[in-house]
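Structural overview for review
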Amino acid sequence: MSFTIDDIAYFQEQRGVITAAGTDLALTKATMLNDVAALRSSFGDRGRAVAELLLARRAGVGKIPAHWIADSDSAQQATPEPVARYRAEKLRAAGVTRAFDVTCSIGTEGHALGAAGLHYVGSDLDAVRVRMARANLGADALLLRADALVPAVRGLGDGDVVVADPARRAGGKRITDPAQLLPPLPALLEAWEGSECAIKCAPGIDYSEWGGLVSVVSVAGGVKETCLYSPGLGGAGRREAVVLGAGDPYVISDRDPEITEADSDRPLGTYLIDPDGAIVRAGLVRHYAAREGLWQLDPRIAYLTGDRIPEGTTGFRILDVVPMKKLRAAVSAWDAGSLEILVRGIDADPDTVRKKLKLKGATPRALVLTRIGRDGVGIICEARSS
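Residues numbered from 1 in each chain as written. Predicted model: local features only at pLDDT ≥ 70, side-chain atom pairs only at ≥ 80, totals over all residues. Heavy atoms only, no water.

As annotated in an unreviewed UniProt entry, the protein is SAM-dependent methyltransferase from Corynebacterium incognita.

Our next topic: the overall build of the protein. When you go through the protein residue by residue, the secondary structure sums to 14 helices and 18 strands. For the C-alpha atoms alone, the extent of the protein along its principal axes is close to 65 × 55 × 35 Å. Taking the average location of the 47 positive side-chain charges in the protein and that of its 49 negative ones, the two points are 6 Å from each other. (Helix = DSSP H or I, 4+ residues; strand = E, 2+ residues; numbered from the N terminus. Lys, Arg positive; Asp, Glu negative; His and termini not counted. Charge placed at Lys NZ, Arg CZ, Asp CG, Glu CD.)

Let's shift gears to the UniProt feature "domain: THUMP-like" (unreviewed entry) in the protein. In the numbering used here, UniProt assigns the feature "domain: THUMP-like" (unreviewed entry) to residues 314–382. Helix makes up 22% of residues 314–382 and strand makes up 49%, while its end C-alpha atoms are separated by 12 Å. (UniProt positions renumbered as here; feature names shortened; annotations may be inferred.)

We now examine helix H2 (residues 15–22). Within H2, burial applies to Ile18, Ala21 and Gly22. Seen along its axis, H2 keeps its buried residues to an arc of 100 degrees; they face one direction. Each element contacted by the buried residues of H2 is listed here: helix H1 (5–13), helix H3 (32–43) and helix H4 (47–59). (Buried < 20%, exposed > 50% of the residue type's maximum accessible area, 1.4 Å probe, protein only. Arc of directions from axis to C-beta. Contact = heavy atoms within 4.5 Å.)

This part covers the sheet that holds strand E8 (residues 213–219). Spatially, 9 strands are ordered E3-E2-E1-E4-E7-E9-E8-E10-E11 in an open sheet, and the strand pairing comes out mixed. Each end of this open sheet is capped by a strand with a single partner; those strands are strand E3 (142–145) and strand E11 (250–253). Neighbouring strand axes in the sheet, compared pairwise and without regard to direction, differ in orientation by 20 degrees on average. By the bridge criterion, 4 bridges tie strand E1 (residues 98–101) to strand E4 (residues 160–164) in an arrangement that is parallel. Residue pairing in the sheet places phenylalanine 100 in a bridge with valine 162 of E4. Contacts from helix H6 (residues 81–93) reach E4, strand E7 (197–201), E8, strand E9 (222–229), strand E10 (238–244) and E11, with the element oriented near 25 degrees to E9. Most of the contacts of helix H8 (residues 127–137) go to E3, to which it runs at about 170 degrees, and overall it touches strand E2 (119–124) and E3. (Pairing = 2+ DSSP bridges. Axes fitted to C-alpha atoms, helices over the stretch in contact; angles between N-to-C directions.)

Here we come to the sheet that holds strand E17 (residues 363–372). The 7 strands lie next to each other as E13-E14-E12-E15-E18-E17-E16, forming an open sheet whose pairing is mixed. Each edge of the open sheet is held by one strand with a lone partner, namely strand E13 (295–296) and strand E16 (336–343). Summarising the sheet, strand E15 (residues 316–323) and strand E18 (residues 375–382) pair through 5 bridges and their orientation is antiparallel. Looking at the pairing, valine 322 lines up with glycine 378 of E18. Along the sheet, helix H14 (residues 350–357) contacts E16 and E17; its crossing angle with E16, the most-contacted strand, is approximately 150 degrees.

Right, let's get into the domain arrangement of the protein. In terms of domains, the protein is made up of domain 1 (5–60), domain 2 (81–252) and domain 3 (261–382). Between the C-alpha centres of domain 1 and domain 2 the distance comes to 31 Å. The interface is formed by 5 residues belonging to domain 1 together with 5 residues belonging to domain 2. Taken together, the two surfaces of domain 1 and domain 2 that pack against each other cover about 470 Å², and 69% of this comes from carbon and sulfur. (Domains from an automatic or database assignment. Buried area = accessible area lost by both parts, 1.4 Å probe.)

Here it is as structure tokens:
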């Protein structure tokens with residue numbers, strides 16, 4: 001459901017009471033009717049809105065602070081905190097001192113940019129989102145209601161950046177064409193012509209025409225976004241992958257050395273490694289292989305092999321490589337019970353394959369279905385390890 005301006009004011013007045021109420025409720029599909037009834041007994045006609053707020057906070061774990069005001073849509077769309085922090089530090093390192101967040105929503109970027117020491121101005125076309133951002137960022141935050149395509153500020157210069165997060169879905173489907181984003185990327189760039197920009201997009205965006213830096217970012221193994229930086233912020237025609245986890249960011253770029261196809265003309269190593277999705281989407285598998293002393297199973301496939309698992313990642317110890325027609329017998333011979341199945345380079349559905357194998361063993365295994373040369377193969381491995 002959507003909130004009203006009055007709802008936001010009420011949430012602020014009752015912040016502590018609402019937070020306490022949320023600790024006693026399951027808020028699952030099975031309990032929702034009873035939970036809403038309980039909230040209505042405490043909050044009257046706003047019981048349903050309070051339920052939406054509590055659900056949004058749970059959906060926003062890892063994205064927004066636990067006490068923030070958000071609805072379900074804004075919580076789902078919010079940038080994960082580690083990603084927002086990385087971008088803020090990157091902009092600060094590039095000499096940015098002031099950020100204009102023209103799709104500020106509930107203030108996620110503002111929170112990170114302010115923490116990095118940047119001056120922040122946020123705007124959004126949705127008046128309720130602006131009100132939520134003010135509640136979240138504080139009364140002193142510089143926020144206004146404005147259309148991202150009708151600049152509300154003039155005279156941007158050195159040290160200024162425009163940050164934008166166009167809507168990435170329409171009709172329940174992800175948008176991969178930049179011209180179909182909401183607002184469209186070409187219109188956004190035209191509106192802010194001459195300004196440095198950092199534009200957040202879906203991981204699968206077609207960035208082939210972008211003239212600046214393309215930065216693909218993952219968190220804990222899940223690819224979260226592709227950010228497009230204008231040339232003045234990240235260089236012209238650049239690509240990088242950023243892997244965020246418990247330690248320092250792992251960053252690799254197209255300026256790093258890469259292996260050649262000839263480097264992959266070697267037997268399989270001890271382990272099979274499936275590179276992080278950010279590395280694959282950024283087209284930097286060969287650069288990653290060169291850094292970590294790995295090589296490709298096949299020059300056209302993103303799986304790598306080597307005699308060690310790179311620090312901070314996982315891999316599979318290789319047990320056997322068999323043709324597809326001998327897969328069931330080989331899996332049985334290796335006593336496979338539970339089976340993690342990865343597929344790349346061939347047309348196969350893991351669930352269908354698992355059913356056909358009729359597993360009866362007792363040992364956890366992994367199965368990688370891929371192509372080496374012209375042949376589809378199954379690579380039987382020990383269970384995933386670090």
